[in-house]
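Fold and contact review
What follows is the residue order along each chain.
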Amino acid sequence: MKKIIIVLVLTVGLGFACKQNKPQKEEAAQVETQKEMETMAEAKIIPIEHATAVLELGDITLYIDPVGGKSIFDGQKSPDLILITDIHGDHFNLETLQELDTNDAIIILPQAVADQIPEDSGLSLEVMANGEEKEFAGIDIEAIPMYNLREEALDFHTKGRGNGYVIAFGEERIYFSGDTEDIPEMRALKNIDKAFVCMNLPYTMTVESAADAVLEFKPKEVYPYHFRGRPDVSDVAKFKQIVNQGNPDIKVVQLDWYPNDDF
């Protein structure tokens, strides 16, 4: 009788221990899954040069305005998505697109750029117009207008020709301005986590105009890019100063967009 009692006690004890351990294991698994989701939810931004960048969005690799030839992307993953903003040579280069491994890539672009790509190019094109929103491989893409406002610059970028883009990945919304001035559509943006904003004369806008727009749409972080002009390079330190004086909560992040230059 004593032996039976001992066995029962041991069995109950083991069962209690299993019940105690199971929630701990489940909780640990949930924490690990949450950590993975948090890690996946933030985009990795790799500046290439001027207007060209690579974004790693989890398993998806996205190129912005790939120009400069294949060698400039040495060490980067092959693109799954390519966004092109405009027809100008610092944003669109057909030879670069043909050199890259684009077998599995979708190229998102405005009609003006698509018109410059031969029908037999073999490239997979998806035209988007200002205001359109589409999903590709789980990434939401919205085409934002980009154009000039100053009378002397109207011919550089006409309204409706090019696209800026808002890229929604996980919990992040990332804005690339393309070539634009501080247009109403930029100022009306909401809930932007990372904003890549151009500023170079005579083609886009002044440092002051860029900062004023940023202070209005209030991204969490702003990345000055596309700031090499003719003949001057825009003063990104001044841009940072204006933004931080106006709103110290906006983080200004300076990446190396010109690896072969001193600025």
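Residues numbered from 1 in each chain as written. Predicted model: local features only at pLDDT ≥ 70, side-chain atom pairs only at ≥ 80, totals over all residues. Heavy atoms only, no water.

Next up on the list: the packing of helix α5 (residues 207-217) against helix α6 (residues 236-246). Axis separation between α5 and α6 bottoms out at 9 Å; the angle between their running directions is 30 degrees. Judged by the inter-axis angle, α5 sits roughly parallel to α6. The handedness of the crossing between α5 and α6 is right-handed. Counting all contacts with α5, which are made through Val-207, Glu-208, Ala-210, Ala-211, Val-214 and Leu-215, the residues of α6 involved are Lys-238, Phe-239, Ile-242, Val-243 and Gly-246. (Axes fitted to C-alpha atoms, helices over the stretch in contact; angles between N-to-C directions. Helix = DSSP H or I, 4+ residues; strand = E, 2+ residues; numbered from the N terminus. Parallel < 35°, antiparallel > 145°, perpendicular 65-115°, else oblique. Left-handed = near helix turned anticlockwise from the far one by under 90°. Contact = heavy atoms within 4.5 Å.)

The subject of this paragraph is the pattern of salt bridges. Following the criterion strictly, the structure yields 15 salt bridges and no others. The partner of Glu-216 in a salt bridge is Arg-187, and the shortest N-O contact between them spans 2.5 Å. With Glu-216 in helix α5 and Arg-187 in helix α4 (residues 184-187), this pair connects stretches of sequence that are 29 residues apart. The class for Arg-187 is buried, based on a relative accessible area of 17%. Between Asp-193 and Lys-220 there is a salt bridge whose closest N-O contact spans 3.3 Å. Here the residue Asp-193 occupies a position in the loop between α4 and β11 (194-197), and Lys-220 occupies one in the loop between α5 and β12 (221-224), the gap between them amounting to 27 residues. Salt bridges linked by common partners bring Glu-42, Glu-172, Lys-194 and Glu-221 together as one network. (Salt bridge = Lys/Arg side-chain N within 4 Å of Asp/Glu carboxyl O. Buried < 20%, exposed > 50% of the residue type's maximum accessible area, 1.4 Å probe, protein only.)

Along α6, the residues classified as buried are Val-236, Phe-239 and Val-243. The buried residues of α6 all sit within an arc of 50 degrees when viewed along its axis, so they share a single face. In α6, those exposed residues whose orientation departs by more than 90 degrees from the buried face are Ala-237 and Gln-245. Packed against the buried residues of α6 are α5, β12 and β13 (251-252). You can read the cap of α6 off the contacts: a side-chain oxygen lies 3.2 Å from the backbone nitrogen of Ala-237, and it is on Asp-235. (Arc of directions from axis to C-beta. Polar contact = N/O pair within 3.5 Å; in protein donor to acceptor, adjacent residues only side chain to side chain.)

In this section: unusual backbone geometry. Following Leu-201, the chain continues into Pro-202 via a peptide bond in cis, with omega recorded as 5 degrees. Residue placement: Pro-202 occurs in the loop between β11 and α5. The residue His-50 is not glycine, and still its phi comes out positive at about 60 degrees. Its relative accessible area of 5% is what places His-50 among the buried residues. Phi at Ala-137 takes a positive value of approximately 50 degrees, unusual for a residue other than glycine. Following the sequence through the fold, Ala-137 ends up in the loop between β7 (133-136) and β8 (139-146).

Right, let's get into the environment of Cys-198. The residue Cys-198 is located in the loop between β11 and α5 in this model. A relative accessible area of 0% places Cys-198 in the buried class. Sequence separation of Cys-198 and Phe-227 is 29 residues, and the distance between their C-alpha atoms is 6.0 Å. Not counting residues within four places of it along the chain, the set of residues in contact with Cys-198 comprises Ser-177, Gly-178, Asp-179, Thr-180, Thr-204, Met-205, Ala-210, Tyr-225 and His-226.

Judged by pairing direction, the sheet is mixed, and its six strands sit side by side in the order β1-β2-β3-β4-β5-β6 without closing on themselves. If you trace the sheet from one side to the other, it starts and ends with β1 (44-49) and β6 (124-127), each paired once. Each neighbouring strand pair of the sheet contributes to a mean axis angle of 20 degrees, computed without reference to strand direction. Pairing between β1 and strand β2 (residues 52-57): five bridges, direction antiparallel. Bridged to Glu-49 within β2 is Thr-52. (Pairing = 2+ DSSP bridges.)

A word on α5. Along α5, the residues that are buried comprise Val-207, Ala-210, Ala-211, Ala-213, Val-214 and Phe-217. Looking straight down α5, one finds that the buried residues subtend no more than 160 degrees of arc, so they occupy a single side. Buried residues belonging to α5 abut β10 (172-176), α4, β11, β12 and α6. Remark: Lys-218 follows α5 within two positions and exhibits a positive phi of approximately 55 degrees.

Moving on: the pairing of strand β5 (residues 106-109). Across three bridges, strand β4 (residues 81-83) lies against β5 in parallel orientation. Note that in β5 the partner of Leu-81 across the bridge is Ile-106. The parallel pair β4 and β5 is bridged by helix α2 (residues 94-99), and the resulting crossover is right-handed. With four bridges joining them, β5 and β6 adopt parallel strand pairing. Residue pairing across strands places Leu-109 opposite Val-127, the latter belonging to β6. (Right-handed = clockwise from strand over helix to strand, strands pointing away.)

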